[in-house]
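Notes for the structure review
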Amino acid sequence: MRVLAAISLAVVLATGATQTRSHQAASGWDYPFECCSGADCAQIDAGAVRENPSGFVVTIAPGRHPMWPTERREPLILEIPYQKARASPDGHWHLCINDAGELLCFYWPGGDS
């Protein structure tokens, strides 16, 4: 019985260790793995985004994104060309950044990116 339990536990641990998982947006769709490692993506306010002729300018105040906490003193400002923007599956703005504030993925609510 103990051998069977040990084998079952090993299978469960091995399965969990080999799966690549993303995380979900609040509306329930999965962010692609290449955009996040479990915590790098979040929905952002429309007021944080300004469109210009070449793309978008996104301004994230400290504490308004999980990867840009309140300990940061300055806002994060990213210029994102249209070519790097993806269409949002839920009609909301989403930003994926690493802990240095570098762009991983950006989703906008309209368009055919």
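Up top you'll find the structure we're talking about.
Residues numbered from 1 in each chain as written. Predicted model: local features only at pLDDT ≥ 70, side-chain atom pairs only at ≥ 80, totals over all residues. Heavy atoms only, no water.

1. Things to note about the pattern of salt bridges
For the coordinates displayed, the defined rule picks out two salt bridges. Linking arginine 86 and glutamate 34 is a salt bridge whose minimum nitrogen-to-oxygen distance equals 3.3 Å. Of this pair, arginine 86 sits in strand E5 (residues 85-87) while glutamate 34 is found in the loop between helix H1 (2-18) and strand E1 (41-44), placing the two residues 52 residues apart along the sequence. Residue classification places glutamate 34 among the exposed residues on the basis of a relative accessible area of 53%. The residue aspartate 45 makes a salt bridge to arginine 64 at a minimum N-O spacing of 2.5 Å. With a gap of 19 residues between them, aspartate 45 in the loop between E1 and strand E2 (49-52) and arginine 64 in the loop between strand E3 (55-60) and strand E4 (76-81) connect regions that are remote in the sequence. Note on aspartate 45: relative accessible area 44%, which makes it partly exposed. (Salt bridge = Lys/Arg side-chain N within 4 Å of Asp/Glu carboxyl O. Helix = DSSP H or I, 4+ residues; strand = E, 2+ residues; numbered from the N terminus. Buried < 20%, exposed > 50% of the residue type's maximum accessible area, 1.4 Å probe, protein only.)

2. Observations regarding the packing of aromatic side chains
For the coordinates displayed, the defined rule picks out nine aromatic pairs. On the numbers, 5.2 Å between centres and 50° between planes, the contact of phenylalanine 56 with phenylalanine 106 is tilted. Of the two residues, phenylalanine 56 is situated in strand E3 and phenylalanine 106 in strand E7 (residues 103-108); the sequence distance between them amounts to 50 residues. Per residue, the accessibility class of phenylalanine 56 equals that of phenylalanine 106, and both read buried. Counting every residue linked through ring pairs, the aromatic cluster contains Phe56, Tyr82, Trp93, Phe106 and Trp108. Sitting over the ring of tryptophan 68, arginine 72 keeps its end group 4.1 Å from the ring centre. (Phe/Tyr/Trp six-rings, centres within 6.5 Å; stacked < 30°, edge-to-face > 60°. Lys NZ or Arg CZ within 6 Å of the ring centre and 35° of its normal.)

3. Observations regarding the state of the cysteines
Going through the model one piece at a time under the given rule, you end up with two disulfides. Between cysteine 35 and cysteine 105 runs a disulfide, and the two sulfur atoms are separated by 1.9 Å. Residues cysteine 35 and cysteine 105 are joined by a disulfide whose S-S torsion is about -80°; by sign, that bridge is left-handed. On the criterion of sequence distance, the pair formed by cysteine 35 in the loop between H1 and E1 and cysteine 105 in strand E7 is long-range, its members being 70 residues apart. Between cysteine 41 and cysteine 96 runs a disulfide, and the two sulfur atoms are separated by 2.0 Å. Of note, the bridge from cysteine 41 to cysteine 96 carries an S-S torsion of about 110° and is right-handed in sense. Residue cysteine 41 is found in strand E1, and its partner cysteine 96 is found in strand E6 (residues 93-97); the two are separated by 55 residues along the sequence. Judged by relative accessible area, which is 6%, cysteine 41 ranks as buried. Of note for the protein chain: the bonded cysteines, numbered N- to C-terminal, pair according to 1-4, 2-3. Left unpaired, cysteine 36 is separated from the closest cysteine sulfur, that of cysteine 41, by 4.4 Å. (Disulfide = S-S within 2.5 Å.)

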